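Fold and contact review
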Amino acid sequence: FGDLNLVTCSNRFQEFIKKQKLFTKYYFIQNSSWPSFIPKFLGIKIDHVLHSKFFNISKEKVVGNLGSDHRLLISEIIF
């Protein structure tokens, strides 16, 4: 997981997850993760939780920040 500074529809993001054999469940999420100083609906999602085939994401949400320019991304990961 991390701040990849890439949107899910970018070619670099798609090439990265394909090459690393990773997955992400939420390509589009209603609330953005960046920047935190504007309303969520105006931002973009550049923070992601990626997983291997052995894990899955059952829930994901974006909430307020802790003094960062990014909002906090909370995910529930299942094995």
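Check the entry above for the structure.
For every chain, the first residue of the written sequence is number 1, and numbering continues from 1 along that sequence. Local features in a predicted model are, by the rule used here, given only for residues with pLDDT of at least 70; side-chain atom pairs are given and counted only at 80 or more, and totals for whole chains, interfaces and linings are based on all residues. The side-chain numbers reported here are obtained from all heavy atoms of the structure, hydrogens and water having been left aside.

1. Things to note about the packing of aromatic side chains
Any aromatic ring pair is given by two values, namely how distant the centres are and how the planes are angled relative to each other. As a reminder, the rule being used: Any Phe, Tyr or Trp ring, taking Trp's six-membered ring, that has another such ring centre within 6.5 Å forms a pair; planes under 30 degrees apart are called stacked, those over 60 apart edge-to-face, and the others tilted. Only DSSP runs of H or I reaching four residues or more are called helices, and only runs of E reaching two or more are called strands; each is numbered from the N terminus. Per-residue accessibility, obtained with a 1.4 Å probe over protein chains only, is compared with the maximum for each type, and a residue is labelled buried under 20%, exposed over 50%, and partly exposed between these values.
One pass over the structure, following the stated rule, counts 1 aromatic pair. Judged by centre distance (5.4 Å) and plane angle (65°), the rings of Phe 55 and Phe 79 are edge-to-face. Pair noted here: Phe 55 is in the loop between strand 2 (47-48) and strand 3 (56-63) and Phe 79 is in the segment after strand 4 (72-78), with a separation of 24 residues, a long-range link. A relative accessible area of 37% means that Phe 55 is categorised as partly exposed. Residue Phe 79 is classed as exposed on the basis of its relative accessible area of 81%.

2. Some details on the side chain of Arg 71
Convention followed: Positive charges are assigned to Lys and Arg, negative charges to Asp and Glu, while His and the chain termini are left out of the count. For this document, the term salt bridge refers to a Lys or Arg side-chain nitrogen within 4 Å of an Asp or Glu carboxyl oxygen. Pairing of N or O atoms within 3.5 Å defines a polar contact, subject to two protein rules: one partner must be a possible hydrogen donor and the other a possible acceptor, and residues neighboring in sequence count only if both atoms are side-chain atoms. Whether two residues are in contact is decided by their heavy atoms: any pair within 4.5 Å suffices.
Assignment of secondary structure puts Arg 71 in the loop between strand 3 and strand 4. Among buried charged residues, Arg 71 stands out as having no salt bridge; its nearest opposite-charge side chain is Asp 47, 8.4 Å away. A polar atom in the side chain of Arg 71 sits 3.4 Å from the side chain of Ser 32. Apart from the residues within four sequence positions on either side, Arg 71 is in contact with Ser 32, Ser 33, Trp 34, Pro 35, Ser 36, Ile 38, Pro 39, Lys 40, Val 62, Val 63, Gly 64 and Asn 65.

3. Looking at unusual backbone geometry
Residue Pro 35 is reached from Trp 34 by a cis peptide bond, and omega for that bond is -15°. Among the secondary structure elements, Pro 35 is positioned in the loop between helix 1 (11-20) and strand 2. Backbone geometry at Asn 5 places phi at a positive 55°, although glycine is not the residue there. In this fold, Asn 5 is placed in the loop between strand 1 (2-3) and helix 1. The phi torsion at Lys 21 lies on the positive side, around 60°, for a residue other than glycine. Inspection of the secondary structure puts Lys 21 in the loop between helix 1 and strand 2.

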